[in-house]
Amino acid sequence: MTKERFSDHFINELEQLFTWRRDVRHFKPDPIPDEIMDQLLSFACKAPSVGLSEPWYFIKINRPELRQKIHNVFKKNNLQASRDYSSDKQKLYNSLKLSGMDDAPHHIAVFSERNPDQGKGLGRMTMPQTSAYSTVMAIYSFWLAARAYGIGVGWVSIITPTDIHQILEIPETLEFIAYLCVGYPQTIRDKPELEEKGWEKRNPQKNKWIIK
């Protein structure tokens with residue numbers, strides 16, 4: 001059935017979905033059923049990709065020893081990052097929970113094929129970075145679908161890609177994009193936790209068009 005326009009009710013619900021999507025770092029231990037995880041992956045794979053290349057790879061990290069090694073990488077880099085701030089900002093930084101790796105029931109590493117055969121190079125000759133952009137679109141599609149199911153996602157960025165490649169034994173033909181923690185959130189928020197903690201706030205100027 002062709003859907004030229006969705007209803008106002010749906011659009012209102014969509015706005016709420018965007019509003020209540022959060023970067024989650026506090027998770028309940030309950031695992032998500034496999035059928036729902038599979039559904040989230042199917043939503044991710046509906047994302048647009050340059051040249052229809054679908055360069056993304058979503059890898060579940062189930063082995064405890066691999067999770068621990070990656071968590072150790074985070075802790076090392078997080079400690080180093082805290083030293084780059086002055087004393088007051090450092091104190092606030094150290095009070096933030098910047099990873100849900102210690103309690104999230106699901107860990108997912110996302111990689112992007114640097115030069116996929118699929119898509120035959122369309123759109124990437126001038127902007128090869130669009131392969132990675134396409135994978136980010138898939139991640140966001142996964143993220144929004146997860147929130148619709150009441151599931152939280154947290155993106156851990158304080159980890160070095162080279163370490164992740166080595167730990168997971170992933171070839172360099174794939175670019176590391178994201179490490180995601182996934183599970184049911186302990187609390188539901190409509191504001192970023194960083195805003196609640198006083199680290200940063202949204203800039204209203206970003207909500208305006210720049211006219212040229």
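Shown above is the structure to which this text applies.
Residues numbered from 1 in each chain as written. Predicted model: local features only at pLDDT ≥ 70, side-chain atom pairs only at ≥ 80, totals over all residues. Heavy atoms only, no water.

Caption draft 1: Here's a closer look at the packing of aromatic side chains. In this structure the tally under the stated criterion is eight aromatic pairs. Aromatic rings pair up to connect Tyr85, Tyr93 and Trp199 into one cluster. Just above the ring of tryptophan 143 sits the side chain of arginine 21; from NZ or CZ to the centre is 4.8 Å. Positioned over the ring face of phenylalanine 43 is lysine 46, at 5.9 Å from the centre of the ring. (Phe/Tyr/Trp six-rings, centres within 6.5 Å; stacked < 30°, edge-to-face > 60°. Lys NZ or Arg CZ within 6 Å of the ring centre and 35° of its normal.)

Caption draft 2: View of helix 2 (residues 34-44). When we look at burial in helix 2, the residues that qualify are Ile36, Met37, Leu40 and Ala44. End-on view of helix 2: buried residues confined to an arc of 100°, all on one side of the axis. Of the exposed residues in helix 2, the ones pointing more than 90 degrees away from its buried face are Asp34 and Glu35. Those residues of helix 2 that are buried lie in contact with strand 1 (56-60), strand 2 (106-113), helix 5 (130-148) and strand 4 (174-183). (Buried < 20%, exposed > 50% of the residue type's maximum accessible area, 1.4 Å probe, protein only. Helix = DSSP H or I, 4+ residues; strand = E, 2+ residues; numbered from the N terminus. Arc of directions from axis to C-beta. Contact = heavy atoms within 4.5 Å.)

Caption draft 3: Spatial organisation of the sheet that holds strand 3 (residues 152-156). Read across the open sheet, the four strands follow the order 1-2-4-3; overall the sheet is antiparallel. Edge strands, defined here as strands with exactly one partner in the open sheet, are strand 1 and strand 3. Looking at each pair of strands side by side, their axes are set apart by 30° on average, direction ignored. Judged from the five bridges that link them, strand 1 and strand 2 form a sheet pairing that is antiparallel. (Pairing = 2+ DSSP bridges. Axes fitted to C-alpha atoms, helices over the stretch in contact; angles between N-to-C directions.)

By themselves, these figures tell us nothing about what the structure is for.
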